[in-house]
Each structure stands twice: as C-alpha cells, then as structure tokens.
Amino acid sequence: MLCYVYLAKEKKEKQVETQKKLAKLGDELPILPIRDLVLFPQAVSPLTVGRAGSLRLVKSLGEGENLIGLVTQRDARVDKPEPADLHQVGTVAVVHKVVTMPNQTLFVLVEGLQRMRLQEVVQHEPFLRARIEPLPDVFPSEQGAEFQALVRNVRELFQEIVAAVPQLSEELQNVALDFGDAAQLADFVAASLPVFSTRIRQELLETLDVSARLRRLSEELLKEREIIRLRSKIQSDVQEQFSQTQREYLLREQMKAIQKELGEADDSEREIEELQKKIDDAGLPEEAKKEAERELKRLRHIPVAAAEHTVARTYLEWLAALPWAKSSAQEVDVKRAEQILNEDHYDLEKVKQRMLEYLAVFQLKRDLKGPILCFVGPPGVGKTSLGKSIARALGRKFVRISLGGMHDEAEIRGHRRTYIGALPGQIIQGIRRAETNDPVFMLDEVDKLGRDFRGDPAAALLEVLDPEQNHSFRDHYLDVPFDLSKVLFITTANILDPIPPALHDRMEVLELPGYTEEEKVHIARQYLVPKQVREHGLELGKDLSFTDEALHEIVRSYTHEAGVRNLERESAAVCRKRARQIAEKSGGLLNVTPEVVREFLGAPRYRVETELEERTKRPGVAVAVAWTPAGGDILFVEAARMPGISGSRGEFTITGQVGQVMQESMKAALTWVRGSAERYGIDPTSFQKHDVHLHVPSGGIPKDGPSAGVVMATALLSLFADRAVKPYVALSGEITLSGQVLPVGGIKEKVLAAKRSGVRIMVMPKDNEANVQEDIPAHLREGMTFHFVKTIDEALGYAFEPSLLAPVHTTPARGGRRGTAPEQPPALGALPH
C-alpha cells in the first residue's frame, strides 16, 4: 500500500536546494508511467518498479541525473502504455533511493517537485522521453476574504475528517496547521486522504488555479464528511441494537440459570422439548426428519419475541401433527362392509360391487394403492353420502372438501412459508384432520373448479390423483414429500364435460343414475321419513305414519327431480305441519294419506301423466326425452302452420332458445317431411302455401343437440297429416336426409326421465338397444315398451297407427294390365279416428 509522507514545513535550506534542482531542469525528461497513483509536488512516495521499460529507465539514471517525470496512466490495465495512454499533466520528481528487491523489482523512493505538461514525446525506446513544460501554481491577484475563507474551510474540513476517521493519524491535523502556502495545503490534503480516487486526484493535479483547486477540494471534502457522518450514525444504531440484543441474551441466560436453580423450566425451552418429543414420536421419513431437525435447531437460536420464531414453531407443529406412519388399524371384513353399504344406500349396485372388490384385494395385499374414483350423477342421488358410507364400511376416517368455485392453486398445494400467514393446502389440512394416512378423502364438485391468474387448481390435482405420483406429494408449505398413495380419493361431479381430459384420465368414473318413482318411495320409506321424523322430535308409528300412496303422491305431484333432495324437503314439511298440530294440543296418530299430503303441501305442482295425455291430443305435438345435468327430462315439441303472407314461399320459424345443432335437426326434419309428403298423402303444395312454426316450450332453458330429430319429423308429419301422436309415446334419435335414424347418448338418463314422467312406449335407435339392455335394469324397464328402429318410417309406424301411415308401394293395374301409377291412400286427415 502506498503511503504519502508530506514535508511539514520547508526550511529555508530545503527551499534553496529545491530551487537549485529546478534550475537544472531542462526541456527533456525521462517519463515513468505510473498506475493508480498521482504524485503531488512536495510529496514523498515509494514506488515498486517492475515493467521492462520502467526498469531500464531507473537503471539509466546516473550520479547527478535523478530527475524524472511521473505521469499517471489513463487505464491501469495497459501493461505497455503509449503516449496516448498517459495523462498530459504529471509531476517532476527526484529519485532519492533505489533498492533492488529479491524478485528483481526495484523499490524507488521519489519526491515530487513541480507540475509539468508533456509537450512532445521524443523517444519511445528503451523508455519514454519527452519534452516538458513546467506548470507553476496560479494565485489570484488579490488574496482577499473569499480566498482566505476557502483556505480556512479546506483546513477545518480536513481536520474534522481526520478526527472522525480512526485510521488517519492525528499528526495530520498539526501538519495542516503549519502550511502557510494555500497551494501546498491543497496538495497535501488531496494526497493525504485515501478516499479520493485516482480520477479526482488527477483533476486536482491538473487544476493550476489555486482558488479553483481549493473550491473543488472543498466539494469533495463536504461529500466525504457527510458520508462519514452517515456511516457513524449507522454504526451507532447497529451497535446500540447489538448491545440491546446482547443485554437481553445475558439477562435471558441469567433467568434460565435462576429458573434452573428454583426448579422452574423456561416456557420456550419447554415448548422446544415438547416439539422434539412430538417429532420423535411422529415417525417422520428420513427427508422430513432431517428438515424438522434443522428447523428445530434454528428455532433454538431465534428469540421468542421475533416474528420468525412463530413461523418456525408453526411449521414444526404441522410436521409433528401429520399422521406420517399412523394408519387405520381396523381389520378388513368384506361381509360387514357389504352389510353397511346396504344399510345406508338402496340400489347403486355397481358402486357397491366396486368397493367390495377393492376391499377384497386389500385383504389379500395390504400395501394396495388406493383407487381414484369419480362419482358422476345428477344432484341428490347420494354421491356425498355414499362416500361417508364407504368410509364407515372400510373402517376409515372420512374427509371432505368442496372444490366448487376454487380458483387458487395454493388451495391445493399450499402457500410457501415466505408469505405471511402461510398454511398448507386443503389436501394436507384434510389429512391432519383425519389423523390417519389412509382416510376416505372426498373432493366434492370437481367439475366446478375455476381458474384465473392465481393458477389452475385442476392442474394441481393431477399429482394428487395419480397413484404413480402421489406417493411423494410435495406441499409448498411443508416442502417435504408426503405419501398419499394409501388415501382412497373419491371425486364427485354432475357432468364430465368441464373436467380437463388429463384429470378425467386419472379417475375411474362410476355413474350414479337418477331414481325411478318406486325407488324413491323405497328410499323415503327406509331412510328419509324415519330420519325426518326423528329430527322433528316425533315418533314414527305413534305421532304419524306414511302410507305408500302418500309417498307416491309426494313423488309424483310435488317433486320433479332425478335425486331425492326435494322429496326429503317435502317429507320434512309434512313433519313440521304435524309437529305444529301436536304443539297445539292435537295429539294421536296421524296416518298420512294423499288427501293429507294435499292438505299440508297445497295444490300439486306437477302434472305428469295427465300432462302427457292432454298436450298430445292435438296434431303437431310430439314428446322428446333429453339429457340434462339434473338427470334427464321430457320435452314437448310443438308444430303449427298458418297461411302464408302474400309473396312469401313457406317461411320456417324456430323458437324455444334452441342451439345451432338443434336448429339444423329441425331443418333436416322439415326437408325429410317435404320429400316424403306424397307417400303419406300430404299435398306437397301445402308447404308453399303455409308458414311453419316449430317451438320447444320452456323457452327460458337453453336446448341443443341432434337427438330430437325423429321427434321434429314426427311433429311436422302429425301437423300436416292432421293426426295426433299416440299418447304416452316418447321418441329419441338423430335423423338423416335419407331417413336413417342414428344412435344418441344419455340413454340411461333419458329412460329414467321418461319413466318418471309416465311414458309407456319408447321409440329409440336400433344401435342403442345394447345400451338399454346393459344400463337399464329389468325392474326399471317394467311397465315400458321399447321399440328400436333404423328408419324414420319405422318410428312413425309406432308413433301413429301403422295401418294409417304405411308407405305406398306400386301394384299392378286392374284387369291384368301393368300400371306405373301408385295406388294412393286417402289423405290422413280424411280417415276416421
């Protein structure tokens, strides 16, 4: 490190000697480039010379030739500087001493004499030599009060800085007081403070005007004084805080020692010991154990009052509370499980068989991974309650979370601990509530997941619901893997369409269809009515009883659904009415009959069989069956015609909030009817004379799909033939322009909806016959007749009287002559009903 030693006060003899040296100064001098150093006049500095050219220069100096020019490089990284790489202003210096070092470098002690400017380089090798111009200091003509103020300001600022910086010698203050020459004072201050950069020192060296030099120096000194003050304040604040922390630590240690002597344990230490015991007993896997030990070690060194202490303690409590190695200890009993499932739910044989199969395999292979099931069905069919029943049958805890409306991925995976108030996701929270690592975990309403800028929860579920991945599920909060492979995940949904394909692929879908009227009555008799009677403080058989006719009346006239939620509500309403009667001193047994039902619940809300018969009396009306998320329903398709307005050519109007696909089916049906008009005795010109209006009631409900094509054609043919469709007949099927009937979907829901609505005859595509035989049990098909057709002609044969709508074929003419004209049947409208 370079050290500047300034001449304190030149004695008279020294001044004379310096002037003699300057008098010997010629026009040319050898130039020694220096790096990261600026030598001021009257300053003594050691130099380490090691570059080849610089070594040659120093060794070339003779006995009386010890004057050189020192010039600072513009870029210290240049090893062989050219004249362009040097500043123009440097310092004439005298070499006092040269010492050869062990590494062959030279230690040179030089003293600055006067500023100089390079005029012209006259030699490049073996070292630089240049013609120079001495630069004397420029003083103001009058050294008035302003000049004196500058001198005093520089001296006082320098003394303040020296006093505030312990690394600077206090002797520098005394040396600064001894200077009477303002130029020497400025050079001394600039050389003595190590905080000044080479750039600032070079600027001060090049400033010949002493007033400007003092003013520039004052600016830099003011900046440095402010920096020192701020640094001192920061150090003082830190020291004060450190002292307070150290004091608290010492007091805390003393308190621990006193409590130990008194036999009282420290609360924080006791908490840490309790956490340690919980972690040891939790059975954590190796990675989680390692993370817990690391966090516990860190917790011991965090002050209780610090916010980080609470964060670390909460994290450790979550780790210790999770059931890492705790499973359900109940023995597997397949027969008992079957009994429980039958007690809790009626029918649902597919689901029950699937669970019993899983239980049987689990009895043989205890490390079996839990299946991922998805119950799909309309509202109210028992999806959620079935999950509870499965948990009871398996002897496991039941956990349920609702995914409806969930938008944030962190609800599944948790928040990272860097966030304030962070917690694990709903999966880990549910596992903690279950207190075992193999509960029945129900994810309700998986089809109603949302997504926004916070992420996609459905994507986060991909890992949770994948048996090949969920053995190492990593929650963002815990940040250690947790094994979910033993969990039996059950998701529920009303429809499958909104579920992403990747998530759908990971689940085994089990469909839960809606219930028929008989099934609803059985469920009400066995489950719903006893439950509601108990919940209303009544006693079945003592306060009231329900007849089967009353339950049929509630199902038929007061509910219209695939499930049984409304049935339970209406049963509860009857119980409330009876409870009020008892409260008003009207005791005894009340036998609930259809008349009592109508008295308690009011006028019937739905007309099923009567509605079917009444609305299909007039021509132009046909009954369709439709699939809905609520389990299916029937639709009435109505067609009407009116004389066309003058100039129009048979306009076709479609209403009922029907979608694009359904509109195309209506147009295809009209095209087929017009093309087949003659075969059914319809005047083809009537389509041009009349405007046609096709309407699907319940206009507030959107409708779409191609499966009502057969119904559209039937309604249009009924309109133009002026013949009503047979009552209690429902049709379903997509049509083509050539008259073919194509298969459709949602057969189970459509058949159940038709049965609930009183339909007796179902006309369906031939290709759907296998669906009916497989998906619809025999007891559900009782009371209904199914006709499977390939063409529209066949379908119309079942919708109308076959003899009336038989197509016309060519026959030989009377008298043995062959004729080509077909035998025309009378128009349908002219035939007797």
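Use the structure listed above.
Scope of this entry: the structure provided in the associated data block. Note that the structure is a prediction, hence the values are computed from the model and not measured.

Section: the packing of helix α11 (residues 334-344) against helix α13 (residues 383-394)
Phase 1 of the analysis: Following both chains from N to C, one finds α11 and α13 inclined at 155 degrees, their axes separated by 8 Å at the closest point. For the element pair α11 / α13, the angle class is roughly antiparallel. Like other packed secondary-structure pairs, α11 and α13 cross with a definite hand, here right-handed. Across from R336, A337, I340, L341, E343 and D344 in α11, the residues of α13 making contact are S389, I390, R392 and A393.

As for helix α12 (residues 349-364)
Because the α-helix completes a turn every 3.6 residues, residues three or four places apart line up on one side.
Phase 1 of the analysis: In this model α12 runs 23 Å from its N-terminal to its C-terminal C-alpha over 16 residues, within 8% of the 22 Å that 1.5 Å per residue would give.
Phase 2 of the analysis: By the burial criterion, the buried members of α12 are V351, K352, R354, M355, L356, Y358, L359 and F362.

With respect to the packing of aromatic side chains
Phase 1 of the analysis: Per the counting criterion, the structure on display carries 8 aromatic pairs.
Phase 2 of the analysis: Judged by centre distance (5.6 Å) and plane angle (70 degrees), the rings of F158 and F188 are edge-to-face. Here the residue F158 occupies a position in helix α3 (residues 145-164), and F188 occupies one in helix α5 (residues 182-192), the gap between them amounting to 30 residues. Each member of the pair, F158 as well as F188, carries the same accessibility label: buried.
Phase 3 of the analysis: With centroids separated by 6.1 Å and ring planes inclined at 25 degrees, the aromatic side chains of Y358 and F362 adopt a geometry described as stacked. With a gap of 4 residues between them, Y358 and F362 both fall in helix α12, about one helical turn apart.

Comments concerning the sheet that holds strand β10 (residues 440-444)
Phase 1 of the analysis: Taken in spatial order, the 5 strands make up an open sheet running β9-β10-β13-β8-β14, and their pairing is parallel. Both edges of this open sheet fall to β9 (398-402) and β14 (508-511), since each of them pairs with a single strand only. For this sheet the average axis-to-axis angle between neighbouring strands, irrespective of direction, equals 20 degrees.
Phase 2 of the analysis: Looking at chain direction, strand β8 (residues 372-376) and strand β13 (residues 488-493) are connected through 5 bridges and run parallel. Counted as the bridge partner of L373 is I490 from β13.
Phase 3 of the analysis: Packed on one face of the sheet, α13 meets β8, β9, β10 and β13 and runs near 175 degrees to β10.

Conventions adopted
- Residues numbered from 1 in each chain as written.
- Predicted model: local features only at pLDDT ≥ 70, side-chain atom pairs only at ≥ 80, totals over all residues.
- Heavy atoms only, no water.
- Axes fitted to C-alpha atoms, helices over the stretch in contact; angles between N-to-C directions.
- Helix = DSSP H or I, 4+ residues; strand = E, 2+ residues; numbered from the N terminus.
- Parallel < 35°, antiparallel > 145°, perpendicular 65-115°, else oblique.
- Left-handed = near helix turned anticlockwise from the far one by under 90°.
- Contact = heavy atoms within 4.5 Å.
- Expected span 1.5 Å × (residues − 1).
- Buried < 20%, exposed > 50% of the residue type's maximum accessible area, 1.4 Å probe, protein only.
- Phe/Tyr/Trp six-rings, centres within 6.5 Å; stacked < 30°, edge-to-face > 60°.
- Pairing = 2+ DSSP bridges.

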